[in-house]
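Per-entry structural report
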Amino acid sequence: MIMNDVAESTLVLGRGPQALLDRATEDPTGPLTVGLSGPAGHGKTMLLTELARIHKQAGVAVRTTVPEPGEPVDEDALLLVDDAHLLDDERLAVLLRLAATRRHRLVVAHRPWPRSAALTDLADTLRRDGKAVLLSPFTREQTADYLAATPELGRRDLVDFVHAQTGGVPRDVERLTRGLLATPTSADAPSEAPRSVLLEFAPDLEAQSADIRRLLLAVAVGVPLPVGMLGALLGREPEAVDELIAATRAAGLVGADGRLAPLVRRAVTALSPTTDRSAVWRHIGELQLARGGAVLPLVRSLRGLGVIGDCPPSTLAAAAQEALADDPALAADLFAAATAAGHPASARQALATALAGNLDDALRLADRLLATADPVDRTGAAMVAATALAHRGHVGRSVELFTWSGTASAAAFATVGGLATGDLTAAAPPEDDPVGEPPTLHASAARLMAKGVRASVTGTPAAALSALVQAAALLEPDGRAALLPDSPAALAALTAVHCGELDIAERVLHRAQAAGVGGPLMARRHRLAQAWILMVRGQTLAAAERLATVTGDGRPLESRDLLFAAALRMGIGRRNSDLGALKSGWGQALEAVVRHPVDLFTLLPLGELAIAGARLGDLARLTPYLREGWSLLDRLGAPALWSVPLHWSGLHAAILTDEPAVADEHVAALLAAAGHSRYAAVVAAAAESWVEVLRGVVDPVRVEAAARGLHDTGLCWDGARLAGQAAIRTADRRAMTTLLECARVLQGRPGGAVSGQRTTAGEPTAQVADAIARPAQQGLSDREYEVAELVLAGLTYREIGDRLFISAKTVEHHVARMRSRLNCANRTELLALLRTVVADRASNAAGQPWPQRQAR
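Residues numbered from 1 in each chain as written. Predicted model: local features only at pLDDT ≥ 70, side-chain atom pairs only at ≥ 80, totals over all residues. Heavy atoms only, no water.

Quick look at the overall build of the protein
Scanning the protein from terminus to terminus reveals 43 helices and 5 strands. Relative to a compact globule of 856 residues, whose C-alpha radius of gyration would be 29 Å, the protein shows 39 Å and is clearly more extended. For the C-alpha atoms alone, the extent of the protein along its principal axes is close to 130 × 70 × 50 Å. Relative to its full complement of 856 residues, the protein shows a buried share of 54%. For the protein, long-range pairs separated by at least 24 residues make up 68% of all intrachain contacts whose partners lie at least 6 apart in sequence. Counting only carbon and sulfur atoms, one obtains 52% of the accessible surface of the protein, whose full area is about 36,200 Å². (Helix = DSSP H or I, 4+ residues; strand = E, 2+ residues; numbered from the N terminus. Rg over C-alpha atoms; globule rule 2.2 N^0.38 Å. Buried < 20%, exposed > 50% of the residue type's maximum accessible area, 1.4 Å probe, protein only. Contact = heavy atoms within 4.5 Å. Areas by Shrake-Rupley, 256 points an atom, 1.4 Å probe, with all protein chains shown as cover.)

The structure is reproduced here in structure tokens:
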């Protein structure tokens, strides 16, 4: 309905207007009685102009003024009347008489409001005796047709942008098109309209009354406002408010849905005087608070407009409280804005800041509140400070603050913290539970957490896991605003890993992650636990990808999460036989250990780092921390659930450092704990088989049973590793074949061939077994081992040569020899076998069995 400035021949019309023009073109002298209705900016004037052009070209006289009463009117002429809603009753009566005769040809255009009785009669007559055409906004297809006349604006993304910004109002589409043509083009659609386009709305807004401008500011808030509130805001009765709304719609500023298009909303916000805007929005906030309504939608909308400063502090604080459960980060920002505007700081602000993951600001705020706030806020501040300190490894101080708080939840968290630091007295159930806190979901979950951790030390694994899983489930409906020193889901997963129940661990973490339990503060903890499970299963690629979701955003990790992340990197590198990754990550791993004091819940990563340290020949630097871990377990009575995994890690560290006596001590401890759980029994059997294999005693049936047991408890990589090590140490060809096939199956790989040799019936051929076993029997040279390690680290031949002071051609010769001796058909097979050979040599070179174990 609007002529394009660039291509003036382009006229985009809906079905009704196009039919009207087609009719006029086909029969310019035929009967024509039409009423055009539409808001401002919808093309009424342009359609009348096009009708005038068509009739003038056909030689028909066109008149655009309303005849005076009694003035004769040429019946052959075409009468075109624009803005009939502005005519007085006398002139409308003239038009009504002309239409009623059915002899005169006239087209009358008007807005839907104001609508006097005389205009209503005229519109009814035009519709009854002629035709009524309603002008509406462009559809997206019509917007695309309009922009198609300008090639540089015909892109799909620009069409979407223009239509979304304007709501399809033709006047606004034209304005925005002109603005886009006047600005430099870019590959991407703009995020907002140029300011020059906003300025074009100034005359439209200035033409409105003060009440309409205030109404537009209220609608610009972007949230539905009841008529009653608008009446209180404008000082008008509901009927008068309805009239004002109709006026804004007729002006083409508000859509049929009662909302402003984004372009108009920005124009209203930007062009209204700041004092008027602030007054209206502050009044809306006060009215909403007074009626007990939600203010968060209002504040969120104003924040999106960049004018949050127009909100009073009380409104900001109320909105922050509403946001706390679902969006702690937003709540923290709103609390901060309220405080900057003069609202007093509170424990809820510290809570939101901590939940958002900003522990620095949360600790500073909580510390101030502890010294200056009222008793209620001091209690809340103590809970925030205690939780933040727990995340940073200061568990002892955290326990003190939880105990000082005096609530039931705080007492439960103090129990968890006490046990984590090796205080066995914390395992005793409290004689009298603290009072004053209702049994909410959060309080009940805290008590179950304490019960579960207590059972993990003094009870059974089943009881511990059950209580912790129940605690995690209690928080799922409303856990986003739960500030926790540790997540019950994370503790349940940790306990499940120690029990070999990885499926349970995965499910409880998935539910906690989906429910957002603990907010952003706990999201990383949950993802790290998920990555750990993937790593233990041997799914190192998936584990690395999950780890990247924790570390990829660039935000610093708290000390506990940093320790788990460092152990994950080292564990993934070890399982991938990536010596380069182990060496590069070792320094960061040591720093992580130093930053976080040893506690019960970090023994798992400490054990993984012990194996990595042994692999690198640097275990001595971890010895003090391992000693502290063993001391902690001794203070707790050496609970099997927590000590078995550390003994398992200690065994593998001893294997790598070639210390048979130390390995025997760990095996003995594991065998002593075998009756504690199925997991302990499986690990004990596997440990005993492992050291026997290293001593050259390979019982294939027993080894395979131990390896499959490890696999069934989730230790998939370890199970495959045990079977593989046994295979390359046995001289029995049949046993070797069986164990190699077992290793492949446990790794999730199909039985198959090396060097392109296919097998039948799922069993590898003797030649395949030879290819795997030959490195163990013949051994690579020391130089070949050095080259193999650097190849696995990803270095080029030239880089390896520089490192070893040999030529790249010599490196290539070494690789070719290894490929020939290992009987590998391609580089992929070579790398796979080199990982096995290098890792095996690091464990303990084949052909050099350990001495037999002394009788106990």
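So, the side chain of His104
Relative to the assigned elements, His104 resides in the loop between helix 3 (89-101) and strand 4 (105-110). When its relative accessible area of 10% is taken as the criterion, His104 is described as buried. When residues no more than four places from it in sequence are discounted, the contact partners of His104 are Leu32, Thr33, Val73, Asp74, Glu75 and Leu98.

Things to note about the nonpolar core
Counting 222 residues, the largest nonpolar core has Trp281, Ile284, Leu600, Phe601, Leu622, Trp648 and Leu710 as the members making the most contacts within it. When near neighbours in sequence (up to four residues on either side) are disregarded, Ile284 contacts Ala218, Val221, Leu225, Met229, Leu233 and Leu298. Within the second largest apolar cluster, 21 residues are counted, among which are Tyr785, Val787, Leu830 and Val838. (Core = buried A, V, L, I, M, F, W, Y, C linked by side-chain atoms within 4.5 Å.)

Section: the side chain of Arg527
Along the polypeptide, Arg527 turns up in helix 27 (residues 519-536). Contact partners of Arg527, with chain neighbours within four places excluded, come to Gln513, Arg546, Thr549 and Val550.

Focus on the packing of aromatic side chains
How two aromatic rings sit relative to each other is given by the distance of their centres and the angle of their planes. A full pass over the atoms with the stated rule returns 5 aromatic pairs. With centroids separated by 5.4 Å and ring planes inclined at 55°, the aromatic side chains of Phe402 and Phe413 adopt a geometry described as tilted. Linking Phe402 in helix 21 (residues 395-405) with Phe413 in helix 22 (residues 408-420), this pair joins segments that are 11 residues apart in sequence. By relative accessible area, which is 6% here, Phe413 ends up buried. The aromatic ring of Phe201 is capped on one face by Arg175, whose charged end is 4.7 Å from the ring centroid. (Phe/Tyr/Trp six-rings, centres within 6.5 Å; stacked < 30°, edge-to-face > 60°. Lys NZ or Arg CZ within 6 Å of the ring centre and 35° of its normal.)

Points about unusual backbone geometry
Along the chain, Trp113 connects to Pro114 via a cis peptide bond; the corresponding omega equals 0°. The backbone of Arg102 sits at a positive phi, close to 60°, despite the residue not being glycine. Residue placement: Arg102 occurs in the loop between helix 3 and strand 4. For Arg102, a relative accessible area of 62% translates into the label exposed.

Let's talk about the pattern of salt bridges
The full count for this structure, using the stated rule, is 40 salt bridges. Taking the shortest distance from any N to any O, the salt bridge between Arg537 and Glu506 comes out at 3.3 Å. A residue pair is termed long-range when its members are at least 10 positions apart, and Arg537 in the loop between helix 27 and helix 28 (540-551) and Glu506 in helix 26 (residues 502-515) qualify at 31 residues. Look at Arg537 and you get buried, because its relative accessible area is 18%. The class of Glu506 is partly exposed, set by a relative accessible area of 29%. Put simply, Lys809 and Glu812 hold a salt bridge, and the shortest N to O gap is 3.8 Å. Taken together, the residues span about one helical turn, with Lys809 and Glu812 both in helix 42 (residues 808-821) at a distance of 3 residues. Taken together, the shared-partner salt bridges in this structure form one network comprising Glu174, Arg175, Arg178, Glu200 and Asp204. (Salt bridge = Lys/Arg side-chain N within 4 Å of Asp/Glu carboxyl O.)

Here we look at helix 35 (residues 678-694)
The end-to-end C-alpha distance of helix 35 is 25 Å, a good match for the 24 Å that 17 residues give at a rise of 1.5 Å each. Counting buried positions over the 17 residues of helix 35 gives 14, a clear majority of the element. At the C-terminal side of helix 35, Gly696 shows a positive phi close to 85°. (Expected span 1.5 Å × (residues − 1).)

Description of the environment of Leu147
By secondary structure assignment, the location of Leu147 is in helix 5 (residues 140-148). By relative accessible area, which is 1% here, Leu147 ends up buried. Residues contacting Leu147, with those up to four places away along its chain left out, are Leu153, Gly154, Leu158, Val159, Val162 and Thr177.

Observations regarding the sheet that holds strand 2 (residues 62-63)
Backbone-to-backbone hydrogen bonds join strands into a sheet, with any given pair of strands oriented parallel or antiparallel. If you walk across this open sheet you meet the 5 strands as 2-3-4-1-5, and the pairing is parallel. For this open sheet the edge positions go to strand 2 and strand 5 (131-134), each flanked by a neighbour on one side alone. Alignment of strand 1 (residues 33-37) against strand 4, held across 5 bridges, turns out to be parallel. Bridge pairing links Gly35 to Val108 in strand 4. The strands touched by helix 2 (residues 44-57) within the sheet are strand 1, strand 2, strand 3 (78-81) and strand 4, with strand 4 carrying the most contacts at an inclination of about 160°. (Pairing = 2+ DSSP bridges. Axes fitted to C-alpha atoms, helices over the stretch in contact; angles between N-to-C directions.)

Regarding the environment of Arg803
On the secondary structure map, Arg803 appears in helix 41 (residues 797-804). For Arg803 and Val457, which are 346 residues apart along the polypeptide, the C-alpha to C-alpha distance reads 50 Å. With near-sequence residues (within four places) excluded, Arg803 lies in contact with Leu790 and Leu795.

Comments concerning the packing of helix 15 (residues 296-304) against helix 16 (residues 313-323)
At their nearest, the axes of helix 15 and helix 16 sit 8 Å apart, and the two run at 105° to each other. Comparing the axis directions of helix 15 and helix 16 gives the class roughly perpendicular. Across the interface between the two elements, Leu296, Pro297 and Val299 from helix 15 touch Thr315, Leu316, Ala319, Glu322 and Ala323 from helix 16. Residues that form the contact of helix 15 with helix 16 fall into these classes: 6 nonpolar, 1 polar and 1 charged. (Parallel < 35°, antiparallel > 145°, perpendicular 65-115°, else oblique. Nonpolar A, V, L, I, M, F, W, Y, C, P; charged D, E, K, R; others polar.)

Some thoughts on helix 38 (residues 733-746)
Note: α-helices contain 3.6 residues per turn, so residues at a spacing of three or four share the same orientation. Its 14 residues place the ends of helix 38 20 Å apart at the C-alpha level, agreeing with the 20 Å of an ideal helix rising 1.5 Å per residue. In terms of burial, helix 38 is largely enclosed, as 10 of its 14 residues are buried. Along helix 38, the residues classified as buried are Ala735, Met736, Thr737, Leu739, Leu740, Glu741, Cys742, Ala743, Arg744 and Leu746. Sitting at the head of helix 38, Asp732 places a side-chain oxygen 3.0 Å from the backbone nitrogen of Arg734. (Polar contact = N/O pair within 3.5 Å; in protein donor to acceptor, adjacent residues only side chain to side chain.)

Quick word on the pairing of strand 3
Strand residues, when the strand is regular, have side chains that alternate between the two faces of the sheet. With burial as the criterion, each face of strand 3 is covered, one bearing Leu78 and Leu80 and the other bearing Leu79 and Val81. Both strand 2 and strand 3 contribute to a ladder of 2 bridges, which runs parallel. Across the sheet, residue Arg63 finds its bridge partner in strand 3, namely Leu79. Each parallel crossover has a hand, and for strand 3 linked through helix 3 to strand 4 it is right-handed. (Right-handed = clockwise from strand over helix to strand, strands pointing away.)

Quick look at the state of the cysteines
Under the criterion given, the structure shown has 0 disulfides. You can see Cys499 has no disulfide; the closest cysteine sulfur is in Cys716, sitting 16 Å from it. Judged by relative accessible area, Cys499 falls into the buried class, the value being 9%. No disulfide involves Cys716; its sulfur sits 12 Å from that of Cys742, the nearest cysteine. Here Cys716 falls in the buried class, since its relative accessible area comes to 9%. (Disulfide = S-S within 2.5 Å.)

Notes on the packing of helix 23 (residues 441-458) against helix 24 (residues 461-475)
Closest axis-to-axis distance for the helix 23/helix 24 pair is 7 Å, and the angle between their directions is 160°. Between helix 23 and helix 24, the interaxial angle falls into the category roughly antiparallel. Both helix 23 and helix 24 take part in a crossing whose hand is left-handed. For the pair formed by helix 23 and helix 24, the contact residues are Leu441, His442, Ser444, Ala445, Leu448, Met449, Lys451, Gly452, Val453, Ala455 and Ser456 on the first element and Ala463, Ala464, Ala467, Leu468, Gln470, Ala471, Leu474 and Leu475 on the second. (Left-handed = near helix turned anticlockwise from the far one by under 90°.)

Note that every value here comes from positions in space, so none of it alone points to a role or purpose.
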